[in-house]
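Coordinates in review
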Amino acid sequence: MARLGEGDKRWIVEDRTDGTNVHNWHWAETNCLDWSRKFLEHLLCGKPILYGEGNLHIKINKVEKLDGEAYVNVRKGKIIPGYELNLVVSYDAEAKDADGKSILKTEGSVEVPYISDENAGEDPDVRITIKDDGPIGKTLKEAFVAKGKPFVFAQIRAYVDAMAKGGPAKEDLEVKKVSVKKPGSESAAAASNNAAAVAAGAAVKEVKKKVEKRKEGFKTVTMSEKFSCRARDLFEILMDENRWRGFTQSNARISKEVGGEFSIFDGSVTGKNLELQEGKLIVQQWRFGSWPDGITSTTGVRLAFDEPESGTTVVKLTHTDVPVEDRYGNATVVENTERGWRDLIFHKIRAVFGFGI
């Protein structure tokens, strides 16, 4: 047996000053707990569940707790996620009467005690509570069970999918797949040093190009909605920051000038007005905060208003340049964009302003 410090170096794995993981011998582990907290906060916090349906208003407030562990192991390009998490989020709930006056304001919590890679294909157990145990509080809790529980499960599935793809280490994996060093003698390596550097640069550029190409996927969202109102009234609602605050229950700042900027949904969507024709057309540049850096729907949102008969307006939406994935690798951007326009904008306008057909 060789003495300590001796032996055939071919069988010794050493820490290298250049950080190279030779032949992927080592497990590369990434701690994902902080990333998991930010990811789930982005998916859940501030999201409305009900706004006016049955005179009920429910909105997820914040992530109160995320305990446990989350990590991603990678060896030889294989991703092995591991996580056992206890998630607690709070929500605000309010019931109003037919005149819009508040009857009850309360709050509750949602605890998902065991989110684990072991049950990644299943909906986990969930405990939903509310502070007010009266009949109205019970109604609000039942409303959250009906509408909020499926939403929470959908966001957990998005988290599970993101972890399966590598979590925060996803893009790093693409670059690490490229091996730029070739075996050979020290003299041969020295002789071809410049050529190796050029090859390495080309290889890394090629990998980055593949990563960028993967992110070049964009979709277009289109829909047509009918309202019982005049076209100019609907136009005014969409361009008025006070009314935006009213029907979304979130902060909004909207310029009514061409070239002016806007910020809606507490700053999660920002953009600029490109063309405005009162009662006829709105063209805007949009960007969601969750989109990858540098991506903007440049001439993406076009709302065309048509009033086929007095008191009836049809608005046609075309939202181009919607990325397939967000900055976290979540591939539900298009689905969430469609849901946002339909449920958080058009349906809310009908519920609040009484423009239903």
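If you look the protein chain up in an unreviewed UniProt entry, it shows as Activator of Hsp90 ATPase AHSA1-like N-terminal domain-containing protein from Salvia splendens. According to its UniProt record, the protein chain has this under Sequence similarities (unreviewed entry): "Belongs to the AHA1 family."

Here the focus is the overall build of the protein chain. Within the protein chain, the regular secondary structure consists of 8 helices and 13 strands. A burial count over the protein chain gives 39% of its 357 residues as buried. Long-range contacts, defined here as pairs at least 24 residues apart, represent 57% of the contacts in the protein chain between residues at least 6 apart. By element, 48% of the accessible surface of the protein chain is carried by carbon and sulfur atoms, the whole surface being about 20,400 Å².

Attention shifts here to the packing of aromatic side chains. For any pair of aromatic rings, geometry is given as the distance between the ring centres together with the angle between the planes. For the structure shown, the criterion picks out 15 aromatic pairs. Taken together, the ring pairs connect F227, F262, W286, F288, W291, W341 and F346 into an aromatic cluster. For the cation-ring pair, R350 lies above F227, with the distance from its terminal atom to the ring centre recorded as 4.4 Å.

Let's shift gears to the sheet that holds strand β10 (residues 269–277). Spatial strand order, β7-β13-β12-β11-β10-β9-β8: 7 strands in an open sheet with antiparallel pairing. Pairing within the sheet leaves two strands with one partner each, and these edge strands are β7 (218–227) and β8 (253–254). Bridge analysis of strand β11 (residues 281–288) against strand β12 (residues 297–309) gives 5 bridges, and the strand direction is antiparallel. Paired with I282 across the two strands is L303, which belongs to β12. Contacts from helix α6 (residues 231–239) reach β7, β8, β10, β11, β12 and β13 (312–323), with the element oriented near 155° to β12. Together, β7, β11, β12 and β13 form the strand contacts of helix α8 (residues 333–353), whose direction differs from that of β7 by roughly 15°.

What counts, and at which threshold
- Residues numbered from 1 in each chain as written.
- Predicted model: local features only at pLDDT ≥ 70, side-chain atom pairs only at ≥ 80, totals over all residues.
- Heavy atoms only, no water.
- UniProt positions renumbered as here; feature names shortened; annotations may be inferred.
- Helix = DSSP H or I, 4+ residues; strand = E, 2+ residues; numbered from the N terminus.
- Buried < 20%, exposed > 50% of the residue type's maximum accessible area, 1.4 Å probe, protein only.
- Contact = heavy atoms within 4.5 Å.
- Areas by Shrake-Rupley, 256 points an atom, 1.4 Å probe, with all protein chains shown as cover.
- Phe/Tyr/Trp six-rings, centres within 6.5 Å; stacked < 30°, edge-to-face > 60°.
- Lys NZ or Arg CZ within 6 Å of the ring centre and 35° of its normal.
- Pairing = 2+ DSSP bridges.
- Axes fitted to C-alpha atoms, helices over the stretch in contact; angles between N-to-C directions.

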